[in-house]
Amino acid sequence: MDMQNRENFLNKLAERMGRPRQTVPAPMPELVNNHPTTRLTDRTQEQLCNEFIDFARVMMADVVVAKEAELPQAIVDICEKYGGGEVIINHDQRLVDLGITSSLQAKYSSYVWDFSKGDENIAKAEKANIGVVYGEYGLAESGGIVLFSDKDFGRSVSLLPEKSVVVVRKSTVLPRVAQLAKILHDKAQQGERMPSCVNIISGPSATADIELIKVVGVHGPVSKIYLVIDDL
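Every value quoted in this text rests on a predicted model; they were computed, and no experiment measured them.

A. Seen up close, the pairing of strand β6 (residues 144-149). Burial of β6 is extensive: six of the six residues sit out of reach of the surface. The alternating pattern of β6 places Gly144, Val146 and Phe148 on one face and Ile145, Leu147 and Ser149 on the opposite face, and all of these are buried. Where strand β5 (residues 137-139) lies against β6, three bridges are found, and the strand directions are antiparallel. By the bridge assignment for β6, Gly138 is matched with Ile145. Hairpin connection of β5 to β6: four residues between the antiparallel strands, including Gly143 at a positive phi of 70°. Where β6 and strand β9 (residues 197-201) come together, five bridges link them in antiparallel fashion. Note on β9: the bridge partner recorded for Ser149 is Cys197.

Encoded structure:
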């Protein structure tokens, strides 16, 4: 459709609707409140963390809180509780620095995500009983975890194994999605490379759209475990 035909079509459409053409966007209505950006921002970081943990448990996530020095043993205890077996781990230097990767490699048949191996990563994730990833942020409002994906942080690690463990720091718990959006916006404005995918995960996979009966593990992990680092 050329420009003239388009204009004729729009003019005729406006005429049939009984109103003039609108060529300038209508101004945004004045907001009734600013809750989207201010809700929960009056909480201390400790209060945010408590709300995050409480909500995560409501969403059927298992929450384990540990100091940094306790993490190598804490991750083993979690894996023992959930059946051990094969473990897949994101290729994340933060997990290495915390002693989590080496602790898992010493105890279990562990595979570290390697983007150069392509589909082999997905096959390993499908076979794994437990996947271990590092969460960028926690969200107090929903008990959700924010995961960034890139070549070293495969989405399959948190989505395909039957059990999924996410390591997250108390100091990175945000009030709600609005604060996450601001962080991502600022990164983009500064020219930083954006993650290939941003996942917000709240508890294990579940659905209740069939007769309002909740079923867990329909299209993802049956168990979601948050290993929360007490760094406050």
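B. Local environment of the sheet that holds β5. The four strands are arranged β8-β5-β6-β9 in an open sheet whose pairing can be described as mixed. Single-partner strands in this sheet number two, and they are β8 (173-174) and β9. Here helix α9 (residues 177-189) sits on the sheet and contacts β5, β6, β8 and β9; the angle it forms with β5, its principal contact strand, is near 150°.

C. Here's a closer look at a nonpolar patch on the surface. The grouping of Phe9, Leu13 and Met17 at the surface amounts to a nonpolar patch, some 300 Å² of accessible area in total. Relative to the elements of secondary structure, Phe9 occurs in helix α1 (residues 3-17).

D. Looking closely at the packing of aromatic side chains. The final tally for this structure, using the stated rule, is two aromatic pairs. Taken together, a centroid distance of 5.7 Å and an interplanar angle of 5° make the contact between Phe52 and Tyr226 stacked. Placement of the pair is Phe52 in helix α3 (residues 45-58) and Tyr226 in strand β12 (residues 223-229), with a sequence separation of 174 residues. Judged by relative accessible area, Phe52 falls into the buried class, the value being 1%. On the accessibility criterion, Tyr226 (0% relative accessible area) is buried. With 6.3 Å between their ring centres and 65° between their planes, Tyr137 and Phe148 make a pair best called edge-to-face. Within this pair, whereas Tyr137 is found in strand β5, its partner Phe148 is found in strand β6, the two being separated by 11 residues in sequence. Residue class for Phe148 comes out buried when judged on its relative accessible area of 14%.

Basis of the calculations
Residues numbered from 1 in each chain as written. Predicted model: local features only at pLDDT ≥ 70, side-chain atom pairs only at ≥ 80, totals over all residues. Heavy atoms only, no water. Buried < 20%, exposed > 50% of the residue type's maximum accessible area, 1.4 Å probe, protein only. Helix = DSSP H or I, 4+ residues; strand = E, 2+ residues; numbered from the N terminus. Pairing = 2+ DSSP bridges. Contact = heavy atoms within 4.5 Å. Axes fitted to C-alpha atoms, helices over the stretch in contact; angles between N-to-C directions. Patch = residues over 30% accessible without salt bridge, like charges linked within 9 Å, V, L, I, M, F, W, Y side chains within 5 Å. Areas by Shrake-Rupley, 256 points an atom, 1.4 Å probe, with all protein chains shown as cover. Salt bridge = Lys/Arg side-chain N within 4 Å of Asp/Glu carboxyl O. Phe/Tyr/Trp six-rings, centres within 6.5 Å; stacked < 30°, edge-to-face > 60°.

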